[in-house]
Amino acid sequence: MITDSHNREWKVKVRRTGNRGRYLKIYSYPDYKQRLRASADKYKSYLQITSDEWEVFYRTAGGVNDSRARAILDKLVGI
């Protein structure tokens, strides 16, 4: 779980597949009403993120606290 600047919680799943490449699945929590996809490899019409931004969430999912995660999340959810 990651909290944005407005204290809303988001569940972020970090994914990598052969077809889609590196991407994030982002859901508002706990209602799951807002769903976003962000790609570091320009997959379809997903929101575009950089490789470095994807890496921040990858490390965050692994338990590393990175202060940049909130700023990136704010950008993705439109804050």
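In case you missed it, the structure is sitting above this.
Residues numbered from 1 in each chain as written. Predicted model: local features only at pLDDT ≥ 70, side-chain atom pairs only at ≥ 80, totals over all residues. Heavy atoms only, no water.

Student: Describe helix H2 (residues 68-77), and please don't skip the residues or the numbers.
Tutor: Those residues of H2 that fall on the buried side of the exposure criterion are Ala69, Ile72, Leu73, Asp74, Leu76 and Val77. Contacts from the buried residues of H2 go to strand E1 (2-3), strand E2 (9-17), strand E3 (21-29), strand E4 (35-39), strand E5 (47-48) and helix H1 (51-61). Directly beyond the C-terminal end of H2, a positive phi value near 90° is found at Gly78. (Buried < 20%, exposed > 50% of the residue type's maximum accessible area, 1.4 Å probe, protein only. Helix = DSSP H or I, 4+ residues; strand = E, 2+ residues; numbered from the N terminus. Contact = heavy atoms within 4.5 Å.)

Student: Please give an account of the nonpolar core that cites residues and values.
Tutor: Most often, soluble globular proteins have nonpolar side chains that are buried together. With 17 residues, the main nonpolar core has Leu24, Ile26, Ile49, Phe57, Leu73 and Leu76 as its most contacted residues. Of all elements in the fold, only E2, E3, H1 and H2 reach the threshold of two or more residues within this core. With five residues, H2 is the largest single contributor of residues to this core. With sequence-adjacent residues up to four places away left out, Leu76 is seen in contact with Leu24, Ile26, Leu36, Ala38, Leu47 and Ile49. (Core = buried A, V, L, I, M, F, W, Y, C linked by side-chain atoms within 4.5 Å.)

Student: A description of the packing of H1 against H2 should follow, citing residues and the corresponding values.
Tutor: The interhelical angle for the contact between H1 and H2, taken along N-to-C directions, is 125°, at an axis separation of 10 Å. Here H2 runs oblique to H1, going by the angle between their axes. Crossing geometry of H1 relative to H2 is assigned as left-handed. Residues Glu53, Val56, Phe57, Arg59 and Thr60 of H1 form the contact with H2, whose participating residues are Arg68, Ala69, Ile72, Leu73 and Lys75. For the contact of H1 with H2, the residue count by class is five nonpolar, one polar and four charged. (Axes fitted to C-alpha atoms, helices over the stretch in contact; angles between N-to-C directions. Parallel < 35°, antiparallel > 145°, perpendicular 65-115°, else oblique. Left-handed = near helix turned anticlockwise from the far one by under 90°. Nonpolar A, V, L, I, M, F, W, Y, C, P; charged D, E, K, R; others polar.)

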